[in-house]
Amino acid sequence: MKSPIQTVLGADWHRLPRALQTHYAAAACVDRGYLDIDYPAWLQKPLNLLYLCGALINQTGSRLPTEVHKHMQQGRQYWQRRITLPGGVEKHFNSEWQPLANGEIEERVNGFLALRMRPSVHATGLQYAGTCYVLRLGRLKLLLPEWLLLGHTSIAETALGPDCFAMDFRLIHPWFGQLYRYAGIFHTATETG
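Being a predicted model, the structure only gives us computed values, none of them experimental.

**Q** Requested: an account of the nonpolar core, with residues and values cited.
**A** Judged by nonpolar contacts, the single largest core of 43 residues is most densely connected at Ile 5, Leu 126, Tyr 180 and Tyr 182. In this structure, Tyr 180 is in contact with Ile 37, Asp 38, Tyr 39, Leu 47, Leu 56, Ile 57, Phe 169, Arg 170 and Leu 171, ignoring residues within four places of it in sequence.

See below:
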């Protein structure tokens, strides 16, 4: 079985550094590290609502301990993120990744909201560019332009060693600038049962 990223990248999968191949493996794996999360204070209430819907983390902070567990099931990859805030409070952000025939990845955060992204391999890692948001209302599926919500999604992941990588996720709106960012460094490993 191939992971969604391996399926979408095809032959380019072999160009990925080892750390990112482990990070995106079809085998169950875990990433451990920290995140810095930042966004403007005026965005707090919309982020509280998004967090209740399963999207993003509604708390700023630096060097927040973070663990990400991933596993495959029926061709989809499930991500379970756990971020520990000061004082030991845990926040969770889970999603489901699936490959699309057009070379994109769709990341669903609940039954009605998803993000579509196009990955590409670069010299030391992987970059993603958001293409649209997906809103499902019963049988109706709407593809929404990024500017209509939080802006353009940009993710850069760079290998720092054989089992270590840096990641940088940003939402940049054409009118309001950078609205949200989380970035950090992680060590990745295949989970043993």
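That was the structure; now back to the text.
**Q** Talk me through the pairing of strand S6 (residues 113-122); I want residue IDs and the actual numbers.
**A** Most of S6 sits out of view: 7 of its 10 residues are buried. The hairpin formed by strand S5 (residues 105-108) and S6 contains 4 residues between the paired strands. Hairpin remark: S6 followed by strand S7 (residues 125-137), antiparallel, with 2 residues in the connecting loop.

**Q** Tell me about unusual backbone geometry, and name the residues and values.
**A** If you check the backbone angles, Arg 63 has positive phi at about 50° while not being a glycine. Relative to the helices and strands, Arg 63 resides in strand S2 (residues 61-73). Residue class for Arg 63 comes out exposed when judged on its relative accessible area of 56%.

**Q** How would you sum up the layout of surface pockets? Please name residues and give values.
**A** Volume-wise, the largest pocket comes out at about 620 Å³. Considering the residues around the largest pocket, the lining is formed by 38 residues, among which Leu 56, Phe 93, Glu 107, Phe 169 and Tyr 182 are closest to the centre. Among the elements that take part in the lining of the largest pocket, strand S10 (residues 164-173) stands out by supplying 4 residues, more than any other. Taken together, the residues of the lining of the largest pocket sort by class into 31 nonpolar, 3 polar and 4 charged.

**Q** Break down the pattern of salt bridges for me, with residues and values.
**A** Evaluated as defined, the whole model comprises 14 salt bridges. For Asp 31, the salt bridge is made with Lys 70, and the minimal N-O distance between the two is 2.5 Å. In this pair, Asp 31 sits in strand S1 (residues 29-38) while Lys 70 sits in strand S2, placing the two residues 39 residues apart along the sequence. The pair formed by Asp 31 and Lys 70 is uniform in burial state, with each residue classed as buried. Here the salt bridges do not stand alone but share partners, grouping Arg 76, Glu 96, Glu 106, Arg 108, Arg 116 and Arg 136 into one network.

**Q** Provide a residue-level description of the environment of Ser 154, including the pertinent values.
**A** Relative to the assigned elements, Ser 154 resides in strand S9 (residues 152-161). In the structure, Ser 154 is positioned 14 residues away from Asp 168 in sequence and 8.0 Å away in space, judged by C-alpha atoms.

**Q** Break down a nonpolar patch on the surface for me, with residues and values.
**A** The grouping of Trp 42, Trp 147, Leu 148, Leu 149, Trp 175 and Phe 176 at the surface amounts to a nonpolar patch, some 740 Å² of accessible area in total. If you trace the backbone, Trp 175 turns up in the loop between S10 and strand S11 (177-190).

**Q** Which residues make up the state of the cysteines, and what are the values?
**A** Applying the stated rule across the entire model yields 0 disulfides. Here Cys 29 stays free of any disulfide, with the sulfur of Cys 164 as its closest cysteine sulfur at 14 Å. On the basis of relative accessibility, which here comes to 10%, the residue Cys 164 falls in the buried class.

**Q** Would you mind going over the environment of Tyr 182 in detail, with residue names and values included?
**A** Take Tyr 182: it is sitting in strand S11. Under the relative-accessibility criterion, Tyr 182 is labelled buried at 11%. In sequence terms Tyr 182 and Leu 35 are 147 residues apart; their C-alpha atoms lie 6.2 Å from each other. Those residues within four positions of Tyr 182 in sequence are excluded, and the remaining contacts are Leu 35, Asp 36, Ile 37, Leu 56, Phe 93, Met 167, Asp 168 and Phe 169.

**Q** Any details on the environment of Gln 80? Residues and values, ideally.
**A** Among the secondary structure elements, Gln 80 is positioned in strand S3 (residues 76-84). Since its relative accessible area comes to 42%, Gln 80 is described here as partly exposed. Sequence separation between Gln 80 and Ser 95 is 15 residues, and the spatial gap between their C-alpha atoms is 6.8 Å. For Gln 80, the residues in contact, after removing those within four places along its chain, are Glu 67, Val 68, His 69, Phe 93 and Asn 94.

Rules used in this analysis
Residues numbered from 1 in each chain as written. Predicted model: local features only at pLDDT ≥ 70, side-chain atom pairs only at ≥ 80, totals over all residues. Heavy atoms only, no water. Core = buried A, V, L, I, M, F, W, Y, C linked by side-chain atoms within 4.5 Å. Buried < 20%, exposed > 50% of the residue type's maximum accessible area, 1.4 Å probe, protein only. Contact = heavy atoms within 4.5 Å. Helix = DSSP H or I, 4+ residues; strand = E, 2+ residues; numbered from the N terminus. Pairing = 2+ DSSP bridges. 1 Å grid on protein atoms, 1.4 Å probe; cavity = no way out; pocket = protein on both sides within 12 Å on 5 of 7 lines; lining within 4 Å. Points joined across faces, edges and corners; volume = space filled by probe spheres on them. Nonpolar A, V, L, I, M, F, W, Y, C, P; charged D, E, K, R; others polar. Salt bridge = Lys/Arg side-chain N within 4 Å of Asp/Glu carboxyl O. Patch = residues over 30% accessible without salt bridge, like charges linked within 9 Å, V, L, I, M, F, W, Y side chains within 5 Å. Areas by Shrake-Rupley, 256 points an atom, 1.4 Å probe, with all protein chains shown as cover. Disulfide = S-S within 2.5 Å.

Treat this as a map of the structure, not an account of what it does.
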